[in-house]
Every structure is written in structure tokens, then in C-alpha cells.
Amino acid sequence: IGSLETINPRTVGVEALGLWAMQQIDFVGLLESLGLNGPLRTAAVASIIGRMAAPASENATYTWMTQRSALGELLDVDFSAQPLMKLYRASDALLWHRDAIEHQVFARIADMFGCHTTVALYDLTNTYMEGGAAANPKAWRGRSKEKRKDCPLVTLALVLDSSGFVRESRSFEGNVVEGNTPEQMLTALKAPKGALVVMDAGIAKEENLQWLRTNNYRYLAVSREKSRQFDPEQAIAINNAGGETVRLQKVIDEETGEARLYCHSEARERKE
């Protein structure tokens, strides 16, 4: 072949896999049970799979599904005949039914994979919006994870199980303090007593740890204490996955019962 010309090439891999995964949990049937009509269900499916293949805004997703993707052929739908506004309506519907969708999808996934609720991973992130976003009451200036101090933010909180499946999500104001959110999130989660809650130092405030202890949760967190109490004489040495030697010292706090693990590596010492 001396030359090759492609006309209207389309991607199909992520689209086919995404539709197959949705079929395994009857996701379209779930949307139908929540009252979404046919065109809105199709737009919701396209929006979600678009986030899998090319994460972006509704406007960019519309360009992707009309010009670059074969999702329309797989669904037997002509997306170019549908207005962009349909994607925005689908996003509104998904947000409106968020709690029911999250609970039912996770229940089906837990049944398929045998997920247990013994570990909960809790973390926050935020995203910025270009423009004033004056009509959004949650759009506030704050500490942007993407270094966009010039834009209003919205914060997203996620609770995941140990396999990484989302169990619960909430959106907060862009200027929310991370340490003020765990109680309402974990209460909504209804995690069983004794579950291990994993969080970073920004959330591990003493009042949050006290609430976890009072409500019989275990926790794993990066300590917020400023003083270093590493004693090399009391430490043991192990090799991590990279072959680097790390020394560990375990200390039990007699007052709280906390087990504290102090870690030391020469590479970290050089860095600091």
C-alpha cells in the first residue's frame, strides 16, 4: 500500500469496555428506576463514559462524542442531532440522584467482589472554575490543589473502601477546612463500629481523633505532632519495595492507647 487515508476515524475501546461494565451492574436499569427517560439515560451514559475516556467539561465531552468517539454507533444514537444542553441536564439528574446511585452501585459491586466495610479511606480534593461562578453558593476562593488561586473552588470529599470503590461523596465550599468534615461524612457512611478509617494529616485533628475513639472507630493517619521522638536504639530495620533500608520504632501511648510508628530513612533525612 503506497498510501492510506482515514475518513472520520473513531475510538471504540474504552467505550466498549465502559458499556460492558455498566451492563454488569445494570446501571441503565438503575437510571430507569430513578425516573430518567430514554434520551436522558443515554446522555448520562455518554457523559460518564466520556469521563473515562477523556475527562473534561460537558462542552469538551460533547465534542469528543460527536467527533472522536464511536459511542454513538455502539448505542445506535446520533449524538450530533442532540443539543449540548442534554449533557448538562444529564449532569443535573446524576447529581440530584447521587445518593441513590452511589448506594445501589456500591451494593452491587460489593456483592460482585465481596467488598467489606472494615476499611474506609477518606480524602478531599478540589477543582477550580474559570469565571466568577457567582450563582454557585459553594464557589469560594481557597487553597487550590491545582495552584489556581485566581479561581473560585469547589471541594469534593470521598469515602472509599479498601479496594478503591467510592462509597460516599459530598461537595463542600471551596474554602472548607479539611479537618471539619469527617464526622458528617462518616456518619452518612454508616461504617460499622471497629472499621479502620485512613486519612491524611490535614484531617487528623485531635478533636476528630477523639470523635473516632468515642464512636469506636480505629484510625490510621499521619501524625500532626511537631516534635520528633525517633530513638534509633529502639528501632528495627526493614527494606522497602525499592530496596531502601527504613528504620521503624513503635511506641504505645498509655493515655490514649494509640500505637505510633516513627519511621526514619537516610533519603528522607537528606531531603529535610
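Quick look at the structure, then. (Residues numbered from 1 in each chain as written. Predicted model: local features only at pLDDT ≥ 70, side-chain atom pairs only at ≥ 80, totals over all residues. Heavy atoms only, no water.)

**So, empty space enclosed by the protein**
Any space left empty among the atoms is revealed by the rolling of a water-sized probe across them. Applying the stated criterion to the full structure yields 1 cavity of 30 Å³ or more. There is about 40 Å³ of room inside the largest cavity. Ala43, Tyr62, Met65, Phe79, Gln82, Pro83, Leu84, Lys86 and Leu87 are the residues that line the largest cavity. Taken together, the elements giving at least two residues each to the lining of the largest cavity come down to helix H4 (58-67) and helix H6 (85-96). Per-class residue counts for the lining of the largest cavity are 7 nonpolar, 1 polar and 1 charged. (1 Å grid on protein atoms, 1.4 Å probe; cavity = no way out; pocket = protein on both sides within 12 Å on 5 of 7 lines; lining within 4 Å. Points joined across faces, edges and corners; volume = space filled by probe spheres on them. Helix = DSSP H or I, 4+ residues; strand = E, 2+ residues; numbered from the N terminus. Nonpolar A, V, L, I, M, F, W, Y, C, P; charged D, E, K, R; others polar.)

**So, helix H3 (residues 38-53)**
Helix length check: H3, at 16 residues, gives a terminal C-alpha distance of 23 Å against a target of 22 Å (1.5 Å per residue), a fit within 8%. For H3, the set of buried residues is Leu40, Arg41, Thr42, Ala43, Ala44, Val45, Ala46, Ser47, Ile49 and Gly50. The N-cap residue of H3 is asparagine 37: its side-chain oxygen and the backbone nitrogen of leucine 40 are 2.9 Å apart. (Expected span 1.5 Å × (residues − 1). Buried < 20%, exposed > 50% of the residue type's maximum accessible area, 1.4 Å probe, protein only. Polar contact = N/O pair within 3.5 Å; in protein donor to acceptor, adjacent residues only side chain to side chain.)

**Looking at the sheet that holds strand E3 (residues 166-173)**
Taken in spatial order, the 5 strands of this open sheet run E3-E2-E1-E4-E5, and their pairing is mixed. The open sheet has two edge strands, E3 and strand E5 (218-221), and neither has a second partner. For this sheet the average axis-to-axis angle between neighbouring strands, irrespective of direction, equals 20°. Sheet topology note: the strand E4 (residues 196-199)/E5 ladder contains 4 bridges and is parallel. Note that in E5 the partner of valine 197 across the bridge is tyrosine 219. (Pairing = 2+ DSSP bridges. Axes fitted to C-alpha atoms, helices over the stretch in contact; angles between N-to-C directions.)

**Some words on the sheet that holds strand E8 (residues 259-265)**
Taken in spatial order, the 3 strands make up an open sheet running E6-E7-E8, and their pairing is antiparallel. The strands lining the two open edges of the sheet, one partner per strand, are strand E6 (236-239) and E8. The mean angle between the axes of side-by-side strands here comes to 35°, regardless of whether they run parallel or antiparallel. Both E6 and strand E7 (residues 245-252) contribute to a ladder of 4 bridges, which runs antiparallel. If you follow isoleucine 238 over to E7, its bridge partner there is valine 246.

**Focus: the packing of aromatic side chains**
One pass over the structure, following the stated rule, counts 2 aromatic pairs. With a centroid separation of 5.9 Å and an interplanar angle of 20°, the aromatic rings of tryptophan 211 and tyrosine 217 are classed as stacked. The same class applies to tryptophan 211 and to tyrosine 217, which are both buried. Above the ring of tyrosine 128, the side-chain terminus of arginine 148 is found at 4.6 Å from the ring centroid. (Phe/Tyr/Trp six-rings, centres within 6.5 Å; stacked < 30°, edge-to-face > 60°. Lys NZ or Arg CZ within 6 Å of the ring centre and 35° of its normal.)

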